[in-house]
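Each chain is listed here by its residues.
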Amino acid sequence: MSDPRITSSIFTRGAVDLSALRGTPAPTRPTTPAQSGPPTGLPGAPAPGGGGVAVLDVTEATFQSEVLERSLSTPVVVDFWAEWCEPCKQLSPVLERLAAEGDGAWVLAKVDVDANPRIAQMFRVQGIPMVYAVVGGQPIDAFSGVVPEAQLRQWISAVLKAGGVAVAEPEDPRLDEADDALMSGDLDAAERAYRKILAESPADAAAEAGLAQVGLARRVAGADPQAALTAAEGAPDDVEAQLLAADIEVLSGLAEQAYKRLVGLVRRTAGDDREKVRQHLVGLFAIAGPEDPAVASARRALASALF
């Protein structure tokens, strides 16, 4: 996810001042858990598998130790809720289940806004449910309202990454189906599958890469690789010949060589031809992805060639 936020960040309204809460002493823990809130999990209960605490009921008195201090080592998600709030009863159980699944990788801290109005005021809570992520003693992101579980999982993954927690990327059966179609040579089915993913998740880099591979496979279908490379060698300014040669080089594991070929062609062309070459090169970048060092280097070279 390029932007982990589900809704716009509220922190543009100013920093959350937690100084008053930091000075609150924490009392001795009660021997029995609080019984308020949606009864989907015991506050303070350890996560299944022995991963540590998963869900906590937090008060103003325990906020410093259970949220601020704990967040120095473990990301904490703070759920502001109330007994009368029907949307809270939809969101809180999902958060509690995901916290249990997290096996101690993060902690869910539940704050009853009616019982703890000062905490809600500190966080500028104007409506509930409201959920904050706290990492390193400071809130880093938030959202309000009920969101789909899939988006909630993405948001939590982003929070964990911000807290330095290694996150295993979940398998996507939609992507598996698209990849299988591509590998079997059913390019039409692969294209439909990748486009469907992108319609649902426009920033899905894997689907973008898959769709770019479909285009590459179509362009080189029926081509004689050696003949195409030879033709390009003898016609350095033939745009179509150079584009095909670059495609073949990418398929042959020579992506860096393909990038250099097309950057050079950008330097030697103008107008519509130049734009065609640029778009083709950007399409090849999508196959490898933005984190590939060769792509990063080629992007810098392309920028230099263009400007």
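Every value quoted in this text rests on a predicted model; they were computed, and no experiment measured them.

**Student:** For this particular structure, what's the right way to read the nonpolar core?
**Tutor:** Soluble globular proteins: nonpolar side chains tend toward being buried together. Counting 26 residues, the largest nonpolar core has V67, V78, F80, F123, V125, I128 and Y132 as the members making the most contacts within it. Among the elements of the structure, helix 2 (63–69), strand 3 (76–81), strand 4 (107–112), helix 4 (117–122) and strand 5 (130–135) are those that each provide at least two residues to this core. Ranked by the residues each element gives to this core, the list is headed by strand 3, at 4 residues. Those residues within four positions of F80 in sequence are excluded, and the remaining contacts are C88, V111, V113, I119, A120, F123, V125, I128, P129, M130 and Y132. In this structure, V239, V250, F285 and A305 belong to the second largest nonpolar core, which totals 23 residues.

**Student:** Hey, could you run me through the state of the cysteines in this one?
**Tutor:** Two cysteines joined by a covalent bond between their sulfur atoms form a disulfide. Throughout the structure, instances matching the rule amount to 1 disulfide. Between C85 and C88 runs a disulfide, and the two sulfur atoms are separated by 2.4 Å. Here C85 and C88 share a disulfide; its torsion about the S-S bond, 85°, makes the bridge right-handed. As far as the burial class goes, C85 and C88 line up, both buried.

**Student:** I tried to follow the packing of aromatic side chains on my own but got confused; where do I start?
**Tutor:** Each aromatic ring pair is summarised here by two numbers: the centre-to-centre distance and the angle between the ring planes. Scanning all chains against the criterion turns up 6 aromatic pairs. Between F63 and F123, the aromatic rings sit 5.7 Å apart at their centres with planes inclined by 65°, giving edge-to-face as the arrangement. Placement of F63 in helix 2 and of F123 in the loop between helix 4 and strand 5 is noted, with a sequence separation of 60 residues between them. Each member of the pair, F63 as well as F123, is classed as buried. Relative to F285, the ring of Y259 has its centre 5.1 Å away and its plane inclined at 75°; by these criteria the two rings are edge-to-face. Taken together, the positions of Y259 in helix 11 (residues 255–268) and F285 in helix 12 (residues 271–288) put the pair 26 residues apart, joining distant regions of the chain. Residue Y259 is classed as buried on the basis of its relative accessible area of 3%. Here F285 falls in the buried class, since its relative accessible area comes to 1%. Taken together, the aromatic side chains of F63, F80, F123 and Y132 make up a single cluster linked through ring pairs.

**Student:** Looking at this structure, how should I read helix 7 (residues 187–200)?
**Tutor:** An α-helix turns once per 3.6 residues; consequently, residues spaced three or four apart project the same way. Between its first and last C-alpha, helix 7 extends 20 Å over 14 residues, near the 20 Å set by a 1.5 Å rise per residue. Three or more residues of helix 7 are buried, namely L187, A189, A190, E191, A193, Y194, I197 and L198. The inward-facing, buried residues of helix 7 contact helix 6 (173–184) and helix 8 (205–220).

Definitions and cut-offs
Residues numbered from 1 in each chain as written. Predicted model: local features only at pLDDT ≥ 70, side-chain atom pairs only at ≥ 80, totals over all residues. Heavy atoms only, no water. Core = buried A, V, L, I, M, F, W, Y, C linked by side-chain atoms within 4.5 Å. Buried < 20%, exposed > 50% of the residue type's maximum accessible area, 1.4 Å probe, protein only. Helix = DSSP H or I, 4+ residues; strand = E, 2+ residues; numbered from the N terminus. Contact = heavy atoms within 4.5 Å. Disulfide = S-S within 2.5 Å. Phe/Tyr/Trp six-rings, centres within 6.5 Å; stacked < 30°, edge-to-face > 60°. Expected span 1.5 Å × (residues − 1).

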